[in-house]
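Inside the fold
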Amino acid sequence: MPRFAANLHYLFTEEPFLERFACAAQAGFKGVEFQVPYDYPGAELRARLSANGLVMVLFDAPMGNWNAGDRGLAALPGREAEFRASLPRVVEYAEALGCDLVHVMAGVVSAVTDRAQAERTYIENLRHAAGFLKTYGVRVVIEPINRKLGIVQGGASYTTEGMHGYFLNHTVHARSILEQVASDNLFLHLDLYHMQMLEGHLDETLRANVDLLRHVQIAGVPGRHEPTVGEIHYPYLFNLLDELGYAGWVGCEYRPLGRTMDGLGWAERYGIGVSDAGQQKRNAFVSGRP
C-alpha cells in the first residue's frame, strides 16, 4: 500500500501553516512535505513534526526570489554562485527536519536564453549539488513540470498549476540529464498531475522509470484538485506502484475543492481521513478479522 504524505502548502490551508502538522496527523497521515521550510526556524518545524509523530519526506532547495518569478536556480546561467551558496542551507534544514530527500529545481528560463547553455549549467550544478549533499546523506531529485500554466490566482502561497517557462518538462529529458550528470545520488521525482498534462501514458511512464524514481506526487487533471476529480484513475496507479515495488512516498500535492477533510474520501481505503469507527473497520479488514 502506498505511503501518503500531506503537502502542507496545498492541504489544510484553512488553518495557519504551523497548525497544519496537527491537522495532517489527525487525518491519519504519517508523512508531510512542503516546498519552502525556510520561512520558519528548523527547530520549530522539527518540534511540530515530533509532537505529531510525522516524518518530513521532501522539501525544495532554495529557489531564488519567488515573488520576482524565480522557480529554482540550477539551470540559470550566471547564477551558479548563488545556487551553490544555497546548498549549506539545504543541509541545515535537512538535518533539522530529519529529511534525506531534496528537490533541486531547474528554474524558469526566458525565451532568449540559450537552452544549450542552460542545460550545461544545469548539469554542472546538479553534479555539484549531488556530490556536496551526498556527504551529508541527502539525496537529490529533479522533477519535470508543465510550463503551460502558472500560479493559482488568489490561491495560497506556493500553490501552482504549473510554471510558465520552466526548463525541465519531460521524463525523457529528465532521464537524459540524469545520465549526463552520472551521479549515484541524483534521482527522479514524478508528479503524475504534470505527467498527465505533458505526456499521458502514466502506466508506461511509471514502468519505464521506476528504477530511478524516489518520489511521486498526485493531483486530479484538470484543475489540480482531489485525485478523484478528473481523468486519472488513481486506484489503478496506486496498485501499479505496489506491483512495481515502489518504496518511496506519494505526496498529496493537490488543491482541495473545499475543506481538506471533506475531500479525503478517496483516501479512506488507505486509512486516511476516516473516523475512529471507520479506522477500526479498516484494521479488522487488513488483519482478516470479521
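A quick note: this is a predicted structure, and the numbers were derived from the prediction, not measured.

Some thoughts on the overall build of the protein
The helix and strand tally for the protein stands at 10 helices and 8 strands. Here the protein has a C-alpha radius of gyration of 19 Å; the compact-globule value for 290 residues is 19 Å, and the two agree. Dimensions along the principal axes, computed over C-alpha positions, put the protein at roughly 60 × 40 × 40 Å. Burial statistics for the protein: of 290 residues in total, 54% are counted as buried. Intrachain contacts of the protein at a sequence separation of at least 6 include 75% that bridge at least 24 residues. Separation of charge centres in the protein, based on 26 positive and 33 negative side chains, amounts to 2 Å.

Considering the pattern of salt bridges
Here the structure, examined in full by the defined rule, presents 11 salt bridges. Two residues, Lys134 and Asp184, come together in a salt bridge whose shortest N-O distance is 2.9 Å. In this pair, Lys134 sits in helix H5 (residues 115–134) while Asp184 sits in the loop between helix H6 (171–181) and strand E6 (186–191), placing the two residues 50 residues apart along the sequence. Judged by its relative accessible area of 43%, Lys134 is partly exposed.

Here we look at the side chain of Asp60
Tracing the chain through its elements places Asp60 in strand E3 (residues 55–60). Of the side chains with opposite charge, Arg224 comes closest to the buried, unpaired Asp60, at an N-O distance of 9.4 Å. Looking at Asp60, its side chain comes within polar contact range of the side chain of His103, at 3.1 Å. Leaving out residues up to four positions away in the same chain, Asp60 has contacts with Phe34, Gln35, Pro37, Tyr38, Val102, His103 and Met105.

Let's talk about helix H8 (residues 202–209)
Taken together, the buried positions of H8 are Leu202, Thr205, Leu206 and Asn209. Along H8, the residues classed as buried sweep out an arc of 95° about the axis, all on the same side.

Side note on the nonpolar core
Core analysis: the largest hydrophobic core is formed by 91 residues, its most contacted members being Phe4, Phe29, Tyr122, Ile218 and Trp266. Counting residues per element, this core draws most heavily on H5, which supplies 7 residues. Aside from chain neighbours lying at most four places away, what touches Phe4 is Phe29, Lys30, Gly31, Ile218, Phe238, Trp249, Val250, Cys252, Trp266, Tyr270 and Ile272.

A closer look at the side chain of Thr160
Mapped onto the secondary structure, Thr160 falls in the loop between strand E5 (139–142) and H6. The contacts of Thr160, once residues within four sequence positions are left out, are Tyr10, Trp66, Gly150, Ile151, Val152 and Arg224.

Section: empty space enclosed by the protein
Under the defined criterion, the tally for this structure stands at 1 cavity of 30 Å³ or more. Of the voids in this model, the largest cavity is the one considered here, and its volume is about 190 Å³. In terms of lining, the largest cavity is formed by 22 residues, of which the most central are Gln35, Asp60, His103, Glu143 and Glu253. When residues of the lining of the largest cavity are assigned to their parent elements, the largest contribution, 3 residues, is made by E3. A per-class count over the lining of the largest cavity returns 10 nonpolar, 7 polar and 5 charged.

Some points on the confidence of the model for the protein
For the protein, per-residue confidence averages 91 on the pLDDT scale, and residues scoring 70 or more make up 94% of the total. Confidence drops under pLDDT 50 across residues 275–290; counting only partners more than four residues distant or on other chains, this segment forms 10 contacts.

Let's talk about the sheet that holds strand E8 (residues 249–252)
Strand order in the closed barrel formed by 8 strands is E1-E2-E3-E4-E5-E6-E7-E8, and the pairing between neighbours is parallel. Strand-to-strand, the axes of this sheet are offset by a mean angle of 30°, without reference to chain direction. Relative to E8, strand E1 (residues 3–7) runs parallel, the two sharing 4 bridges. Across the sheet, residue Arg3 finds its bridge partner in E8, namely Trp249. Sitting on the sheet, H6 is in contact with E5 and E6, with an inclination near 170° to E6.

Here's the deal with the packing of aromatic side chains
If you walk through the whole model with that rule in mind, you get 17 aromatic pairs. Residues Phe238 and Trp266 carry aromatic rings whose centres are separated by 6.2 Å and whose planes lie at 40° to one another, so their mutual orientation is tilted. Note that Phe238 is positioned in helix H9 (residues 234–244) and Trp266 in the loop between E8 and helix H10 (276–287), a separation of 28 residues in sequence. Pair check on accessibility: Phe238 and Trp266 agree, each one buried. Measuring from ring centre to ring centre gives 6.3 Å for Tyr254 and Trp266, while their planes differ by 75°; the resulting arrangement is edge-to-face. Taken together, the residues span a long stretch of sequence, with Tyr254 in the loop between E8 and H10 and Trp266 in the loop between E8 and H10 at a distance of 12 residues. Relative accessible area serves as the criterion here: at 0%, Tyr254 is assigned to the buried category. Members of the aromatic cluster, connected to one another through ring pairs, are Phe4, Tyr234, Phe238, Tyr254, Trp266 and Tyr270.

Definitions and limits used
- Residues numbered from 1 in each chain as written.
- Predicted model: local features only at pLDDT ≥ 70, side-chain atom pairs only at ≥ 80, totals over all residues.
- Heavy atoms only, no water.
- Helix = DSSP H or I, 4+ residues; strand = E, 2+ residues; numbered from the N terminus.
- Rg over C-alpha atoms; globule rule 2.2 N^0.38 Å.
- Buried < 20%, exposed > 50% of the residue type's maximum accessible area, 1.4 Å probe, protein only.
- Contact = heavy atoms within 4.5 Å.
- Lys, Arg positive; Asp, Glu negative; His and termini not counted.
- Charge placed at Lys NZ, Arg CZ, Asp CG, Glu CD.
- Salt bridge = Lys/Arg side-chain N within 4 Å of Asp/Glu carboxyl O.
- Polar contact = N/O pair within 3.5 Å; in protein donor to acceptor, adjacent residues only side chain to side chain.
- Arc of directions from axis to C-beta.
- Core = buried A, V, L, I, M, F, W, Y, C linked by side-chain atoms within 4.5 Å.
- 1 Å grid on protein atoms, 1.4 Å probe; cavity = no way out; pocket = protein on both sides within 12 Å on 5 of 7 lines; lining within 4 Å.
- Points joined across faces, edges and corners; volume = space filled by probe spheres on them.
- Nonpolar A, V, L, I, M, F, W, Y, C, P; charged D, E, K, R; others polar.
- pLDDT = per-residue confidence, 0-100.
- Pairing = 2+ DSSP bridges.
- Axes fitted to C-alpha atoms, helices over the stretch in contact; angles between N-to-C directions.
- Phe/Tyr/Trp six-rings, centres within 6.5 Å; stacked < 30°, edge-to-face > 60°.

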